[in-house]
Amino acid sequence: MHHAPSPLSLFITICLLSPQVVSARYAEDVLQVRENTDKRSEVQREEQRARIRERQNRPKELDARLQQKKPKVEEPKVSQRQRRKTTEVWKTESESEKRRKARLLERDSFRTDATLEKLRAEIVLAVNKQRQEAGVRPLQRNLKLQASAQAYAEDMKNRNFFSHESPEGETPQNRIQRGGYGNVTAQNCDCRSFTAAFGENLARGQQTVEDVMQDWMDSPTHRANILTERFKEIGIGIEGTYWIQHFGAVETIPR
């Protein structure tokens, strides 16, 4: 006697068969993709072989023409007159450069005593003009201050440094007193009391008295040294484009 399958057994049978059906369909899809890929690869390989055959069959004359270098451009011809004119220009520029270097060398080299004295006098005159406009009494030149300023200007130029403090740590007051100015002490002064003041202005690179004075007056600290009432004397040092002002004042009160 044949019995009809129950719904439960039919469901189990379908569930068991379904994975096989899915796997078969998946395998068919993969096979189709592989066939399409193989066809595309074969087409690409055939195209590549065709390009190789085309290059092999290309005429040798065409390859030679493609590999040929660009023609060399001839240099324009220069006449003897043009060449001579160019040489004269170069010669003129060379002589001009020599003159320029000679002027720089002369400017930075040792000046004669007459030239230095003229520059010192111009600076003192310019300083006192500024002091007069400010209502301050003029400064008097002092040879000891001049000697200390000149020595320090030469030292800075020779050793190529620029500072109020020397490489050995010497200060403006040390330099000025070492030069013999303001060496007043209780032991060597037959006086009831004394006061001493010292100052220093430095500049480098200016070409003229007008330039260096303008730079000093544009600087608040340098301007203060030039216009202060406490200084009574001044000395100027110049070496190349190094400019120095040494200021001082020594006052004693007798016993």
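See the structure printed just above.
A short tour of the structure in this document, coming up. (Residues numbered from 1 in each chain as written. Predicted model: local features only at pLDDT ≥ 70, side-chain atom pairs only at ≥ 80, totals over all residues. Heavy atoms only, no water.)

Along the protein, the regular secondary structure elements total eight helices and four strands. Along the protein, helices and strands appear, N-terminal first, in the series α-α-α-α-β-α-α-β-α-α-β-β. Within the span of the protein, comprising 255 residues, buried residues form 26% of the whole. Pairs at least 24 residues apart make up 70% of the contacts formed inside the protein by residues separated by at least 6 positions. Surface accessibility of the protein: about 19200 Å² in total, with carbon and sulfur atoms responsible for 54%. (Helix = DSSP H or I, 4+ residues; strand = E, 2+ residues; numbered from the N terminus. Buried < 20%, exposed > 50% of the residue type's maximum accessible area, 1.4 Å probe, protein only. Contact = heavy atoms within 4.5 Å. Areas by Shrake-Rupley, 256 points an atom, 1.4 Å probe, with all protein chains shown as cover.)

With 22 residues, the main nonpolar core has Ile123, Met213, Trp216, Ile226 and Trp243 as its most contacted residues. When contributions to this core are tallied by element, the ones reaching two or more residues are α4 (113-133), β2 (193-204), α7 (209-218), α8 (220-227), β3 (233-239) and β4 (242-253). Once residues lying within four places of it in the same chain are set aside, the contact partners of Met213 are Ile123, Ala126, Val127, Gln130, Ile226 and Gln245. (Core = buried A, V, L, I, M, F, W, Y, C linked by side-chain atoms within 4.5 Å.)

Taken N-terminus to C-terminus, the directions of α4 and α7 make an angle of 35 degrees; their axes are 10 Å apart at the nearest point. Along this stretch, α4 crosses α7, giving a crossing that reads as right-handed. Side by side, α4 and α7 meet where Leu119, Glu122, Ile123, Ala126, Val127 and Gln130 of the first sit next to Val209, Met213, Trp216 and Met217 of the second. A per-class count over the contact of α4 with α7 returns eight nonpolar, one polar and one charged. (Axes fitted to C-alpha atoms, helices over the stretch in contact; angles between N-to-C directions. Left-handed = near helix turned anticlockwise from the far one by under 90°. Nonpolar A, V, L, I, M, F, W, Y, C, P; charged D, E, K, R; others polar.)

No statement about biological role is implied by the geometric values presented.
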